[in-house]
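# Fold and contact review
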Amino acid sequence: MMTNPAIVSAPKAASRLPFYRFFVAVALFQLPLALYLYSQWQGSQQQNLQLARQLEQQQRSQQQQLQRIGQRLGQLQADLGQLSAVGQRLVTDYDLSDEISLQRLDPNLLKRPFNGFSELHQGLAQLSVQSREYGMTLAALESLLLNLHINEITQIQGHPVPDGTARLSSGFGQRRDPFTGRARWHKGVDFSGKLGQPIAATAAGVVSTVDHHPAFGGLVEINHGQGWVTRYAHVDTKLVEVGDYVDKGQHIALMGRTGRATGVHLHYEVLKGNKQLDPVRFLPN
């Protein structure tokens, strides 16, 4: 007797249905777990990427710090070289080897190995302080020496009419006023001469006044520092301006008879702290 195939396969198909349902149920049950594991993996990947970026940023920051430290090292080395040169120049030029004991700085201090950034920064800070103090010492010493030199060149000692043809026509102190005839204190000295005769600075300094005064006429004043001032009055032509630095013997004006004057002459004053002193004391012998 022959069997119908359709009747035989029907039970088999029916037996497979629970298996598919079980598989689907398992798959549906594991899907949240898979999604969770995937999200965890994705988060881990993002975290690793973020850590990589942070590490790269730290490396860039360290490279920048090393670059800045390198620049600072170069600057400190240059400063040390300059300080050493200045100290040597001062000691040599002024023969100060016996009088001045300058601390010697080793330019190779920065070449020793350092263990980490902290030690390197500490060493740099210490060296910065030492070099700054050394520089301040040298600057003070050089300023002192410069002041000594300035005192020499600004010492008032020269003739305001340097060609030697001018004549001292009126001295310092009590005299009769040529206009009123009354006794009056003459606060400077007068040199008679020719119109346009050169007038020179009797010491180095800075021009503090260039003006036309009702009494003094054409007026030039030079500040020599430490309260010293020289005054040149009745000039015809002014050859300098306020703020100009002038050397001793430099022509600053031409003689005239401007202002309250009876003839062509130069009125010359020497002041210390706004007090007039006898200019004859400062004329060359």
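Residues numbered from 1 in each chain as written. Predicted model: local features only at pLDDT ≥ 70, side-chain atom pairs only at ≥ 80, totals over all residues. Heavy atoms only, no water.

## Points about the overall build of the chain
Looking only at helices and strands, the chain features 2 helices and 12 strands. Starting at the N terminus, the α and β elements of the chain follow one another as α-α-β-β-β-β-β-β-β-β-β-β-β-β. Considering the chain as a whole, with its 285 residues, one finds that 28% of them fall into the buried category. By sequence separation, contacts in the chain at least 24 residues apart represent 64% of the contacts at least 6 residues apart. Looking at the chain as shown, the accessible area adds up to about 19100 Å², and 54% of this sits on carbon and sulfur atoms. (Helix = DSSP H or I, 4+ residues; strand = E, 2+ residues; numbered from the N terminus. Buried < 20%, exposed > 50% of the residue type's maximum accessible area, 1.4 Å probe, protein only. Contact = heavy atoms within 4.5 Å. Areas by Shrake-Rupley, 256 points an atom, 1.4 Å probe, with all protein chains shown as cover.)

## Notes on the layout of surface pockets
By volume, the largest pocket amounts to about 550 Å³. Together, 24 residues line the largest pocket, and Arg175, His186, His234, Arg260 and His267 are the ones closest to its centre. For the lining of the largest pocket, the secondary-structure elements that each account for two or more residues are β3 (183-186), β4 (189-192), β8 (228-238) and β11 (265-272). The residue inventory of the lining of the largest pocket, partitioned by class, reads 7 nonpolar, 9 polar and 8 charged. (1 Å grid on protein atoms, 1.4 Å probe; cavity = no way out; pocket = protein on both sides within 12 Å on 5 of 7 lines; lining within 4 Å. Points joined across faces, edges and corners; volume = space filled by probe spheres on them. Nonpolar A, V, L, I, M, F, W, Y, C, P; charged D, E, K, R; others polar.)

## Here's the deal with the pairing of strand β6 (residues 205-213)
The sheet contact formed by β6 and strand β9 (residues 245-246) spans 2 bridges and is antiparallel. Within the sheet, the bridge partner assigned to Gly205 lies in β9 and is Val246. Where β6 and strand β7 (residues 217-225) come together, 7 bridges link them in antiparallel fashion. Within β7, the residue paired with Val207 across the bridge is Ile222. (Pairing = 2+ DSSP bridges.)

## Here's the deal with the nonpolar core
Membership of the largest hydrophobic core comes to 24 residues, with the highest contact counts inside it found for Ile222, Tyr232, Ile252, Leu266 and Tyr268. Sorting the residues of this core by element identifies β4, β7, β8, β10 (251-255) and β11 as the ones contributing at least two each. Core analysis: the next-biggest nonpolar cluster, separate from the first, contains 5 residues, Ile69, Leu120, Leu124 and Leu127 among them. (Core = buried A, V, L, I, M, F, W, Y, C linked by side-chain atoms within 4.5 Å.)

## Description of the side chain of Arg231
Position of Arg231 among the secondary structure elements: in strand β8. Of the polar contacts made by the side chain of Arg231, one reaches the side chain of Glu221; its length is 2.6 Å. A distance of 2.9 Å separates the side chain of Arg231 from the side chain of Glu269, its partner in a polar contact. In this view, Arg231 contacts Phe216, Leu219, Val220, Glu221, His267, Tyr268, Glu269, Leu271 and Gln276; residues no more than four positions away in its chain are not counted. (Polar contact = N/O pair within 3.5 Å; in protein donor to acceptor, adjacent residues only side chain to side chain.)

## Overview of the packing of aromatic side chains
What characterises a pair of aromatic rings is the spacing of the ring centres plus the angle enclosed by the ring planes. Inspection of the entire model under this criterion finds 3 aromatic pairs. Ring centres 5.6 Å apart and planes at 75° place the aromatic pair Trp228 and Phe282 in the edge-to-face group. Here Trp228 is found in strand β8, whereas its partner Phe282 is found in the segment after β12 (275-277), with 54 residues between them in sequence. Each ring, one from Tyr232 and one from Tyr268, has its centre 5.4 Å from the other, and the planes form 40°; the classification is tilted. Of this pair, Tyr232 sits in strand β8 while Tyr268 sits in strand β11, and the two are 36 residues apart along the sequence. When its relative accessible area of 0% is taken as the criterion, Tyr232 is described as buried. (Phe/Tyr/Trp six-rings, centres within 6.5 Å; stacked < 30°, edge-to-face > 60°.)

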